[in-house]
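Chain residues, written in single-letter form:
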Amino acid sequence: MNKFHHIGIFVKDLEYGKLEISKFIEIVSASSEIVDEQMGVKIIFVKDNQGIKYELVAPFGKNSPVNGVLKRGKDYLNHIAYECGSFDDEIKRLRNEGLVPLGVAKNAKAFQGARVIFFLSPLGFIIELIEVNI
C-alpha cells in the first residue's frame, strides 16, 4: 500500500511560493532549500497545521522542467506524491493500470538519493512515487 507524502506545487521562486501559500494555510514548519542540479529544481517542503506537506518546486537552470510549466501558465498544482516500498513492482503495476511514466526513475536529493518516478494518470494529473524501505 502506498502512503501519501506531499502535494507538489511549481512556483517561480521559493520565497514567493512560501509567501503565497501562507496566505491560505498556516505554515508550522519549513525545510531548508534543497538544490537538485540533476533534476533542475530547487525545493522546500512546508507543512501546515494539519500535518499536510507541500513541496514548493522552483526552476534551477535553463533546462528545468518547471520552466515549461511556468511558461504555459497552468499545471502549477503539479503532482501528488506517495511513498512505496516495492518500488519496481509498483512501477510495473501502474504501467499495467494505464498510467504513463514521464521518464525514468532518478535519484532525488530531496529524499537522500532515493529513487523517484513520475506518472501521468488517466485523470490528467501527475503521481510521484518515492522509493522507501518500509
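1. Focus: helix H3 (residues 87–96)
Taken as a whole, H3 has its buried residues at Phe 87, Glu 90, Ile 91 and Leu 94. Down the axis of H3, the buried side of the element spans an arc of 105°, and every buried residue falls inside it. What points out from H3, more than 90 degrees from its buried face, is the exposed set Lys 92 and Asn 96. Residues of H3 that are buried make contact with strand E6 (77–84), strand E9 (115–120) and strand E10 (126–131). Of the residues flanking the end of H3, it is Gly 98, one or two places downstream, whose phi is positive at about 95°.

2. Let's talk about the pattern of salt bridges
The full count for this structure, using the stated rule, is 5 salt bridges. The salt bridge involving Arg 93 is made with Glu 90; its shortest N-O contact spans 2.8 Å. With Arg 93 and Glu 90 both in helix H3 and 3 residues apart, this pair spans about one turn of that helix. Relative accessible area serves as the criterion here: at 40%, Arg 93 is assigned to the partly exposed category. Residue Glu 131 pairs with Arg 115 through a salt bridge whose shortest N-O separation is 2.8 Å. Highlighted residues: Glu 131 in strand E10 and Arg 115 in strand E9, separated in sequence by 16 residues. Judged by its relative accessible area of 23%, Arg 115 is partly exposed. Salt bridges sharing partners connect three or more residues here, namely Asp 88, Arg 115 and Glu 131.

Reading the values: the criteria
- Residues numbered from 1 in each chain as written.
- Predicted model: local features only at pLDDT ≥ 70, side-chain atom pairs only at ≥ 80, totals over all residues.
- Heavy atoms only, no water.
- Buried < 20%, exposed > 50% of the residue type's maximum accessible area, 1.4 Å probe, protein only.
- Helix = DSSP H or I, 4+ residues; strand = E, 2+ residues; numbered from the N terminus.
- Arc of directions from axis to C-beta.
- Contact = heavy atoms within 4.5 Å.
- Salt bridge = Lys/Arg side-chain N within 4 Å of Asp/Glu carboxyl O.

Remember that the coordinates give geometry; whether it matters functionally is a separate question.
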